[in-house]
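Architecture and fold: a report
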Amino acid sequence: MENTIAKYSILAEDIYNFDETGFQMGVISTAKVVSGAKRSNRPVAIQPGNREWVIAIDCISSAGWSLPPVIIFEGKVH
């Protein structure tokens, strides 16, 4: 990476780190588990089918400043 930065004369303030994460709207806990009394070996994880997935993208520069986060919701019309 250092060779590429030197080769193209990239400034430190032109280097960015992006992070993307997805989550379900209305779900606070990390998982929901339903387990029957007769099934003791492995519980079954479920997700409610009426939840909308949202994606959040964050960006910070190596100089220490950040861009506003981007929140992506499901579209109604494409």
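Here goes a summary of the coordinates provided. (Residues numbered from 1 in each chain as written. Predicted model: local features only at pLDDT ≥ 70, side-chain atom pairs only at ≥ 80, totals over all residues. Heavy atoms only, no water.)

1. Focus on a nonpolar patch on the surface
On the surface, Tyr16, Phe18, Trp65 and Leu67 cluster together to form a nonpolar patch covering roughly 410 Å² of accessible area. Looking at the element boundaries, leucine 67 is found in strand 5 (residues 66–72). (Patch = residues over 30% accessible without salt bridge, like charges linked within 9 Å, V, L, I, M, F, W, Y side chains within 5 Å. Areas by Shrake-Rupley, 256 points an atom, 1.4 Å probe, with all protein chains shown as cover. Salt bridge = Lys/Arg side-chain N within 4 Å of Asp/Glu carboxyl O. Helix = DSSP H or I, 4+ residues; strand = E, 2+ residues; numbered from the N terminus.)

2. Notes on the packing of aromatic side chains
Scanning the model with the defined rule gives two aromatic pairs in all. An angle of 45 degrees between the planes, with centres 6.5 Å apart, marks the rings of tyrosine 16 and phenylalanine 18 as tilted. Taking the relative accessible area as the measure of exposure, tyrosine 16 reaches 36% and is therefore partly exposed. Between the aromatic rings of tyrosine 16 and tryptophan 65, the centroid separation amounts to 5.8 Å while the plane-to-plane angle is 85 degrees, which identifies the pairing as edge-to-face. (Phe/Tyr/Trp six-rings, centres within 6.5 Å; stacked < 30°, edge-to-face > 60°. Buried < 20%, exposed > 50% of the residue type's maximum accessible area, 1.4 Å probe, protein only.)

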